[in-house]
Amino acid sequence: MHTQMAAPSGSVDSGTSPDLLTGAPRPWFRRVAAVAAGALAGGTAAWLVEAQVLRGLPALAVMVVAGLAVPTSRELARRVLIAGCVFLGWVPVTWWWRLPVGGVGHFGVILGVVIGVLVGWVVWRSTLDRVRLLWPRLRGTDAVLAAAAAGALWIYQPGLQSVSAAGELTRFFAGWDNVAHYNMTEMIRRFGVMVIHAPTGALGEWTYGPYPQGFHAVAATVMEGLAGVGAADVATDLVAYGRAMTIVLVGALVTVVAGICSLPALRRRPLLALPIATFAVVTFGLGPGGLLVHDGFPNFYLAVAMLCCLPLIGLQMSKPGSVGLLVAMVGAVLGVAHNWSLLLVMGVFGAGVALLPLRRSRWPRLWSEWARALVPVVAGLLWLGVAWSMLRQNPPLSDILQIPGGITQVPFSVFVLTGALALAACGLGLAHLRNPRGAAHRDDVLRLGALGCVPLVGLVVSGLIAWAQIRQSGDVGYYFWKFAIATQIVSAIVLCCAVAVLAPGFGVRRGWSTRRVGTSAVAAVVSVALTAGVAQAYGTPHKFPSSIGGVIAPGISARADFLAIGAAPLPEAATLVAAARADDGRAVPVVYAVPSSSPRVAWFLLSQWYYALTGRWTVTDDALMRTVKTPAQMTDADFAALVRDAVLNEPEAVVVVPPGSADGVRRLLEPDGLSDRVLSW
């Protein structure tokens with residue numbers, strides 16, 4: 001079904017990237033000019049980033065345009081899919097080693113390389129022909145993709161709006177795990193490398209060293225584009241992290257929608273693509289994925305998005321050797337492995353559909369084609385080995401599954417129903433193989449039938465996790481609900497794939513492709529009605545008067561909460577920012593003893609945030625923090641007793657107390673010779 005466009009510079013297959021470095025010999029001066037032009041363009045881009053001339057949202061916009069200009073496909077939606085999976089999955093590889101990037105940073109290096117290679121490739125051979133290849137072919141489904149991107153931006157707009165550092169921190173208080181994810185991202189920025197390879201702190205090992213850090217490396221890269229290289233002021237980095245997190249998650253959702261819009265069955269059917277893409281957006285933004293960000297699980301959100309990309313890529317691989325899609329698929333696998341690797345039990349089946357049907361004609365014939373296909377596969381396997389080496393340093397899976405945690409639960413019946421519907425739709429695809437109408441799409445329908453293994457495995461593994469947890473503690477817990485949410489979301493995407501693949505075989509043809517005015521008008525009405533219907537799949541996207549009724553979608557509630565929190569920061573957040581700014585960097589154990597008067601935030605969480613904001617979160621500090629407690633109301637005598645307890649556990653410990661209590665506590669501790677152990681601001 002793929003076509004080719006002949007051009008003097010080579011050909012571009014809809015599923016593969018053009019060969020950038022081969023072709024007929026050219027005069028040596030053209031090659032020299034190409035290398036020089038590429039080096040100049042790339043160097044200029046990197047210099048603009050280092051000089052902070054190109055910074056903030058304009059820098060990210062240039063990165064997006066440059067990434068989409070890479071002619072990996074003639075179709076814009078497929079370019080977005082490939083570029084998104086490459087950036088979100090492969091960029092963390094660059095943070096595994098401490099590279100000599102200096103003030104350019106990883107963001108500047110990546111931007112410079114992309115621009116430099118593009119310019120050099122254009123100049124290398126027939127310049128005008130290759131310039132034309134930079135511009136993708138636009139279709140009606142690209143308008144659907146743009147609308148979906150706008151919807152995703154609206155849902156997550158609170159994370160992009162300007163708020164104070166205290167307002168941003170108050171938002172993060174809503175999800176306890178936010179402190180761990182901020183800490184890992186900030187540590188990567190401080191040391192320029194994954195936490196597991198960061199220099200050991202003066203007080204010992206850093207916390208979360210072996211924790212998978214795919215999301216955090218991507219967020220650190222985006223933060224370099226927004227706020228420069230290396231850790232900045234506490235307030236600057238807090239705001240930059242909030243925006244970077246939002247940008248990464250919006251990018252992940254847009255990548256999933258691009259995968260839907262690039263399905264061959266939907267390219268010429270924008271009216272069919274509209275409700276399908278809308279369902280994907282509301283599933284991630286308003287439905288079961290709507291509270292993941294609010295609850296503090298951005299890495300899990302990214303892992304689920306990359307998981308959903310695997311079946312979307314697999315369905316499109318008419319040939320397993322399609323290099324562009326293969327690189328994207330490996331990137332998606334890495335995005336799952338380095339964020340929430342347990343989801344790979346479903347991901348392997350989503351990616352595996354690319355192997356079907358098992359016909360020799362689908363596989364590469366030349367050794368050079370095999371070599372190009374094996375390069376990303378081998379690199380991906382090596383990086384999966386890195387993920388495995390990190391996971392081996394964590395507790396056994398049986399222990400991890402029993403870890404408690406807080407997460408908003410999804411309705412159990414809806415979770416099971418979504419998985420069952422996806423499984424039934426894939427089964428319908430297998431039954432459709434004998435239908436004459438489906439003969440032209442036999443390969444797609446066969447891959448769709450095999451795709452039923454994804455929701456099936458998800459449901460089975462969810463049941464096994466539930467059995468293990470009930471056997472141990474008598475009830476299902478945190479990890480069951482996280483896996484159930486992932487299963488429900490990926491089942492919804494599989495359901496989208498089923499509709500896209502099967503609809504043409506049931507007569508959804510020209511009327512949905514906008515080629516006939518009469519039938520397309522009817523189709524447009526039906527499409528809009530379906531879109532409005534699926535937008536309500538998980539609740540209303542707008543709060544109606546009580547007389548009308550209706551349940552608000554979870555994502556809308558989370559969005560409203562973020563808006564309200566950002567506008568009214570807690571005093572504890574402002575106090576914490578001020579205390580972190582005053583930290584003197586002394587290499588001694590520290591206890592943050594400023595109590596919390598708000599029921600929304602515990603002192604224990606404030607202490608963890610203090611360590612994260614100051615770059616102090618070592619195993620030693622974490623252990624010391626767990627030995628002391630601060631009630632909501634404390635007198636100077638209480639603070640003095642706390643200091644004595646802390647010094648008893650760690651002889652070199654110091655304690656941070658509120659400014660109003662500092663002098664009184666120091667006077668009480670003078671007889672003990674501990675007045676110098678009191679810090680304030």
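Q: Describe the overall build of the protein chain, with residues and values.
A: Secondary structure summary: the protein chain contains 27 helices and five strands in total. Compactness check: the protein chain gives a C-alpha radius of gyration of 27 Å against a globular reference of 26 Å for 681 residues, within 12% of the reference. Each principal axis of the C-alpha distribution contributes one length, and for the protein chain these read about 90 × 70 × 45 Å. Considering only residue pairs separated by 6 or more positions, the protein chain has 78% of its internal contacts joining residues 24 or more positions apart. Taking the average place of the 49 positive charges on the side chains of the protein chain and the average place of its 34 negative ones, the gap between the two points comes to 22 Å.

Q: I'd like a description of empty space enclosed by the protein, backed by residues and values.
A: Applying the stated criterion across every chain yields a total of three cavities of 30 Å³ or more. Estimates place the volume of the largest cavity at around 200 Å³. Put simply, the parts of the chain that give the lining of the largest cavity at least two residues each are α7 (165–172), α10 (234–261) and α22 (554–567). Taken together, the residues of the lining of the largest cavity sort by class into nine nonpolar, seven polar and three charged.

Q: Requested: an account of the packing of helix α11 (residues 270–285) against helix α20 (residues 478–502), with residues and values cited.
A: Two elements in contact, α11 and α20, have axes whose closest approach is 10 Å; the angle formed by their N-to-C orientations is 180°. Between α11 and α20, the angle is such that the two are roughly antiparallel. In this structure, α11 uses L272, I276, F279, A280, T283 and F284 to contact α20, whose residues at the interface are I489, A492, I493, C496, V499 and A500. Within the contact of α11 with α20, the residues separate by chemical class into 11 nonpolar, one polar and no charged.

Q: Pulling in residues and values, what's your account of the environment of A422?
A: With respect to the helices, strands and loops of the structure, A422 is situated in helix α17 (residues 412–431). For the pair formed by A422 and C497, sequence separation is 75 residues and the distance between their alpha carbons is 9.2 Å. Setting aside chain neighbours within four positions, we find A422 in contact with P455, S491, V494 and L495.

Q: So what about the sheet that holds strand β4 (residues 654–656)? Which residues, and what values?
A: Adjacent strands of a sheet form backbone hydrogen bonds with each other and so pair up, either parallel or antiparallel. Read from one edge to the other, the open sheet built from three strands follows the order β3-β4-β5, with strand pairing classed as parallel. The open sheet has two edge strands, β3 (590–592) and β5 (678–679), and neither has a second partner. The pairing of β4 with β5 spans two bridges and is classified as parallel. Paired with V656 across the bridge in β5 is L679. Of the strands in this sheet, β3, β4 and β5 touch helix α26 (residues 636–649), which is tilted by about 145° from β4.

Q: Can you explain the pattern of salt bridges? Please cite residues and give values.
A: Tallied over the entire structure, the rule returns 15 salt bridges. E75 is the salt-bridge partner of R137, the closest N and O atoms lying 2.6 Å from each other. In this pair, R137 sits in the loop between α5 (127–134) and α6 (140–155) while E75 sits in the loop between α2 (57–69) and α3 (76–90), placing the two residues 62 residues apart along the sequence. Ionic pairing is found between R666 and D663, a salt bridge with its closest N-O pair at 3.5 Å. Here D663 and R666 lie together in helix α27 (residues 659–669), a separation of three residues that amounts to about one turn.

Q: So, the packing of aromatic side chains: which residues are in play, and what are the values?
A: For any pair of aromatic rings, the description rests on two quantities: the centre-to-centre distance and the angle between the ring planes. Per the counting criterion, the structure on display carries 23 aromatic pairs. On the numbers, 5.9 Å between centres and 50° between planes, the contact of F297 with Y478 is tilted. Here F297 is found in the loop between α11 and α12 (298–316), whereas its partner Y478 is found in helix α20, with 181 residues between them in sequence. In this structure, F297 and Y478 share a single accessibility class: buried.

Q: So, the nonpolar core: which residues are in play, and what are the values?
A: Generally speaking, nonpolar side chains in soluble globular proteins are found buried as a group. One finds F173, L238, F284, L343 and W609 to be the most contacted residues of the largest nonpolar core, which totals 205 residues. Counting residues per element, this core draws most heavily on α20, which supplies 19 residues.

Q: Which residues make up α6, and what are the values?
A: The end-to-end C-alpha distance of α6 is 23 Å, a good match for the 22 Å that 16 residues give at a rise of 1.5 Å each. Residues of α6 that are buried include every one of T141, D142, V144, L145, A148, A149, A152 and I155, and no others. Projected down its long axis, α6 carries its buried residues within an arc of 150°, all on one side. Of the surrounding secondary structure, the elements contacted by the buried residues of α6 are α3, α10, α11 and α22.

Q: Tell me about the side chain of T614, residues and numbers included.
A: Within the secondary structure layout, T614 lies in helix α24 (residues 603–614). T614 gets classed as buried once you look at its relative accessible area, which sits at 13%. Polar contacts involving the side chain of T614 include one to the main-chain carbonyl oxygen of Y611, which spans 3.5 Å. Not counting the four nearest positions on each side in its chain, T614 is found in contact with R190, A580 and D583.

Q: Which residues make up the packing of helix α8 (residues 178–191) against helix α9 (residues 214–227), and what are the values?
A: Between α8 and α9, the shortest axis-to-axis distance is 9 Å and the interhelical angle comes to 60°. Regarding the angle of α8 to α9, the classification is oblique. As α8 packs across α9, the resulting crossing turns out to be right-handed. Touching H181, M184, T185, E186, I188 and R189 of α8 are H216, A217, A219, A220, M223, E224 and A227, all from α9. Considered class by class, the residues forming the contact of α8 with α9 number seven nonpolar, three polar and three charged.

Q: Report on the layout of surface pockets, specifying residues and quantitative values.
A: Of the volumes computed, that of the second largest pocket is approximately 1,100 Å³. Around the second largest pocket, the lining is made up of 38 residues, and of these Y211, N394, I400, I403 and Y479 lie nearest the centre. Within the residue set of the lining of the second largest pocket, elements represented by two or more residues are α8, α15 (367–391), α16 (397–400) and α20. For the lining of the second largest pocket, the class distribution of residues is 25 nonpolar, nine polar and four charged.

Q: Report on unusual backbone geometry, specifying residues and quantitative values.
A: Put simply, L356 and P357 share a cis peptide bond, and its omega is -5°. The backbone phi angle of Q52 is positive, close to 60°, even though this residue is not glycine. On the basis of relative accessible area, Q52 is assigned to the partly exposed category, the value being 42%. Notably, Y208 is not glycine yet its phi reads approximately 60°, a positive angle.

Q: Can you break down the side chain of S527 residue by residue, with the values?
A: Tracing the chain through its elements places S527 in helix α21 (residues 517–534). Among the polar contacts listed, one links the side chain of S527 to the backbone oxygen of L271, at a separation of 2.6 Å.

Cut-offs used in this document
Residue numbering note: each chain is counted from 1, following its sequence as written. With pLDDT at 70 or above as the cut-off, local features in this predicted model cover only qualifying residues; side-chain atom pairs require 80 or more to be listed or tallied, and sums for whole chains, interfaces and linings still use all residues. With hydrogens and water set aside, each side-chain value is computed from the structure's full complement of heavy atoms. In this description a helix means any DSSP run of H or I spanning at least four residues, a strand means any run of E spanning at least two, and both kinds are numbered starting from the N terminus. Each radius of gyration reported is based on C-alpha atoms, and the globular scaling rule is 2.2 Å times the count of residues to the power 0.38. Contacts were defined at the residue level, with two residues in contact if any of their heavy atoms lie within 4.5 Å. When charges are counted, neither His nor the chain ends are considered; positive counts come from Lys and Arg and negative counts from Asp and Glu. The location of each charge is read from NZ of Lys, CZ of Arg, CG of Asp or CD of Glu. Grid spacing is 1 Å over the protein atoms alone, the probe is 1.4 Å, and a cavity is where that probe fits but cannot get out, while a pocket is an open set with protein on both sides within 12 Å along at least five of seven lines and lining residues have an atom within 4 Å of a point. Grid points are joined across faces, edges and corners, and a volume is the space filled by probe spheres set on the points. Three residue categories are used. Nonpolar comprises Ala, Val, Leu, Ile, Met, Phe, Trp, Tyr, Cys and Pro, charged comprises Asp, Glu, Lys and Arg, and polar comprises the others, including Gly. Convention adopted: a line fitted to C-alpha atoms gives each axis, helices being fitted over their contacting stretch, and angles between N-to-C directions are expressed from 0 to 180 degrees. Here roughly perpendicular refers to angles of 65 to 115 degrees, roughly parallel to angles under 35, roughly antiparallel to angles over 145, and oblique to all remaining angles. Pairing between strands requires that DSSP locate at least two bridges from one strand to the other. In what follows, salt bridge is the name for a side-chain nitrogen of Lys or Arg lying within 4 Å of a carboxyl oxygen of Asp or Glu. The criterion for an aromatic pair is that two Phe, Tyr or Trp rings (for Trp, the six-membered ring) have centres within 6.5 Å, with stacked assigned to planes under 30 degrees apart, edge-to-face to planes over 60 apart and tilted to the rest. Only protein chains enter the area calculation, which uses a 1.4 Å probe; residues under 20% of their type maximum are buried, those over 50% are exposed, and those in between are partly exposed. Throughout, nonpolar core names a set of buried Ala, Val, Leu, Ile, Met, Phe, Trp, Tyr and Cys residues whose side chains join them through atoms within 4.5 Å. Multiplying one less than the number of residues by 1.5 Å gives the expected span of a helix. Working definition: the arc comes from the directions between the helix axis and the C-beta atoms, pointing outward to the latter. Any pair of nitrogen or oxygen atoms within 3.5 Å is treated as a polar contact; in protein, a donor-acceptor pairing is required on top of that, and neighbouring residues in sequence qualify only through side-chain atoms on both sides. Take the far helix as the reference: if the near one is turned anticlockwise from it by less than a right angle, the crossing is left-handed, and if turned clockwise, right-handed.

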